[in-house]
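As a plain string of letters, each chain reads:
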Amino acid sequence: MARGATLVSKVSTDLRRAISLGEYAPGDRLPIEADLASTYGVSRATVRAALRQLEATSLVRTQHGVGTFVADTPAVRAGLERLDSISGSIRASGREAGMVYRSRTVRPLLPDEAAKMGLSAESSALEVRRSILADGEVVAYSYDLLPMSLLPEDFPLEELDGSIFTFLRERLDIIPERAIAEIHAVSSQHIGWGPDASSNSLYVLLDQLHYGAGDRLLLYSRTYFIEGRYAFTIVRST
């Protein structure tokens, strides 16, 4: 067991060094398992374990049936301490923020959504699905629910465009004051849409309830950030 662990560490450390030195650039495909096993004189099981270590630290990403690739440098880095719009955090990273609305649909809340939002089972919401872009590259997919009680009667759904935070402030004169967020790792082939959706399966889910003055619920958002394209940081201190 100890020797196996040592061999795995040796392979992963050497590959980590090669990536840091630029021998493999972001987006490059690593040699296939059989070639790596031959190079290091180890079994393919050892190589797979080493690659899993690298994938766990987001240095590489594996596409089953295709290969293992060096992960791209995240397009956006954002802190979780401050409540800000996604567009704001993208611009703060020096990137151009954009989004494409896939759908706007008024529908009844599902029982678990109503319970999560603290609303009655008969409540309805405007569901919005958006692709979030940084410099034209999709970095996240967002599923958002706005209570219909928040919106004016006969509200034209197409008026909701761009940043939801901006819409709340400028169209409804409402300012989000706080949010309660949960963070989850998600592996799924059924989150996104569009031409490159099939190449993404790992996400960081930010599951958030947003509140305004008087603890008024404004928004329930489930945003799936594509692993490797959007990195979160937390400043911690004693």
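A quick note: this is a predicted structure, and the numbers were derived from the prediction, not measured.

Visitor: Please clarify how the overall build of the protein should be interpreted in this entry.
Guide: Scanning the protein from terminus to terminus reveals six helices and ten strands. When its C-alpha atoms are laid out on the principal axes, the protein stretches across 70 × 45 × 35 Å. Residue burial in the protein is summarised as follows: out of 238 residues, 42% are buried. As presented, the protein carries roughly 13,100 Å² of accessible surface, and 50% of it is formed by carbon and sulfur atoms. Of note, the protein has its 26 positive side-chain charges centred 8 Å away from the centre of its 30 negative side-chain charges.

Visitor: Quick question: what am I supposed to make of the environment of threonine 62 here?
Guide: On the secondary structure map, threonine 62 appears in strand E1 (residues 60–63). Sequence separation between threonine 62 and serine 201 is 139 residues, and the spatial gap between their C-alpha atoms is 9.8 Å. When residues no more than four places from it in sequence are discounted, the contact partners of threonine 62 are Glu55, Gly67 and Thr68. At 3.1 Å, the side chain of threonine 62 forms a polar contact with the side chain of threonine 68.

Visitor: Sorry if this is basic, but what is going on with the nonpolar core here?
Guide: A general trend in soluble globular proteins is that nonpolar side chains are found buried together. Grouped together as the largest cluster of nonpolar side chains are 28 residues, with contacts concentrated most on Ile90, Leu146, Leu160, Phe167, Leu168 and Tyr230. Listing elements by their share of this core, those giving two or more residues are strand E3 (76–79), helix H4 (86–92), strand E4 (97–108), strand E5 (124–134), strand E6 (137–147), helix H6 (164–170) and strand E9 (217–226). Apart from the residues lying within four places of it in its own chain, the contact partners of leucine 146 are Ala125, Leu126, Val128, Leu160, Ile164, Phe167, Leu168, Leu218 and Leu219. By size, the runner-up hydrophobic cluster in this structure holds 16 residues, among which are Ala37, Val47, Ala49 and Ala50.

Visitor: Just checking my understanding: could you explain the packing of aromatic side chains for this structure?
Guide: Two aromatic rings, taken as a pair, are described by how far apart their centres are and by the angle between their planes. The full count for this structure, using the stated rule, is nine aromatic pairs. Aromatic side chains phenylalanine 225 and phenylalanine 232 sit 4.8 Å apart centroid to centroid with 90° between the ring planes, which places their arrangement in the edge-to-face category. A ring pair is formed by tyrosine 230 and phenylalanine 232, whose centres lie 5.2 Å apart and whose planes are at 40°; its orientation type is tilted. Residue class for phenylalanine 232 comes out partly exposed when judged on its relative accessible area of 25%. An aromatic cluster is built from Tyr141, Tyr143, Trp193, Tyr203 and Tyr224, whose rings are joined through pairwise contacts.

Visitor: Honestly, unusual backbone geometry in this entry has me stumped. Any pointers?
Guide: The bulk of non-glycine residues show a negative phi, and the bulk of peptide bonds are trans. Of note in the backbone geometry, aspartate 135 takes a positive phi value of approximately 55° without being a glycine. Mapped onto the secondary structure, aspartate 135 falls in the loop between E5 and E6. On the basis of relative accessible area, aspartate 135 is assigned to the partly exposed category, the value being 46%. Although it is not a glycine, aspartate 215 adopts a positive phi angle of roughly 55°. For aspartate 215, the location among the structural elements is in the loop between strand E8 (202–211) and E9. The class for aspartate 215 is partly exposed, based on a relative accessible area of 48%.

Visitor: Where do I start with the sheet that holds E9 in this structure?
Guide: The strands making up a sheet are joined through hydrogen bonds of the backbone, oriented either antiparallel or parallel. One open sheet holds the six strands; their spatial order is E4-E5-E6-E9-E8-E7, and the pairing between them is antiparallel. Two strands bound the open sheet, and with one partner strand each, they are E4 and strand E7 (178–187). Averaged over neighbouring strand pairs, the angle between their axes works out to 15° when direction is ignored.

Visitor: It is not clear to me how the side chain of arginine 130 should be interpreted in this structure. Could you clarify?
Guide: Secondary-structure assignment places arginine 130 in strand E5. Reaching out from arginine 130, the side chain makes a polar contact with the side chain of aspartate 144 at a distance of 3.0 Å. For arginine 130, the residues in contact, after removing those within four places along its chain, are Met99, Val100, Tyr101, Arg102, Ala140, Tyr141, Ser142, Asp144, Gly162, Ile164 and Trp193.

Visitor: Even after reading the chapter, I still don't get the pairing of strand E2 (residues 67–70), so can you show me in this structure?
Guide: A regular strand places its side chains so that they alternate between the two faces of the sheet. One ladder, built from four bridges, connects E1 with E2; its direction is antiparallel. From the neighbouring strand, glutamine 63 faces E2, where its bridge partner is glycine 67. Connecting the antiparallel pair E1 and E2 is a turn made up of three residues, with glycine 65 showing a positive phi of about 85°.

Visitor: Is there a simple way to explain the pattern of salt bridges in this structure?
Guide: Pairs can form between side chains of opposite charge whenever their charged atoms are close. This model, assessed by the stated rule, comprises 17 salt bridges. A salt bridge links glutamate 23 to arginine 17; the nearest nitrogen and oxygen atoms lie 3.4 Å apart. A residue is classified by how much of its surface remains accessible, and glutamate 23, at 47% relative accessible area, is partly exposed. Arginine 17 gets classed as partly exposed once you look at its relative accessible area, which sits at 37%. Ionic contacts of the salt-bridge type, sharing partners, join the residues Arg107, Glu113, Glu127, Arg129 and Arg222 into one network.

Parameters and conventions
Residues numbered from 1 in each chain as written. Predicted model: local features only at pLDDT ≥ 70, side-chain atom pairs only at ≥ 80, totals over all residues. Heavy atoms only, no water. Helix = DSSP H or I, 4+ residues; strand = E, 2+ residues; numbered from the N terminus. Buried < 20%, exposed > 50% of the residue type's maximum accessible area, 1.4 Å probe, protein only. Areas by Shrake-Rupley, 256 points an atom, 1.4 Å probe, with all protein chains shown as cover. Lys, Arg positive; Asp, Glu negative; His and termini not counted. Charge placed at Lys NZ, Arg CZ, Asp CG, Glu CD. Contact = heavy atoms within 4.5 Å. Polar contact = N/O pair within 3.5 Å; in protein donor to acceptor, adjacent residues only side chain to side chain. Core = buried A, V, L, I, M, F, W, Y, C linked by side-chain atoms within 4.5 Å. Phe/Tyr/Trp six-rings, centres within 6.5 Å; stacked < 30°, edge-to-face > 60°. Pairing = 2+ DSSP bridges. Axes fitted to C-alpha atoms, helices over the stretch in contact; angles between N-to-C directions. Salt bridge = Lys/Arg side-chain N within 4 Å of Asp/Glu carboxyl O.

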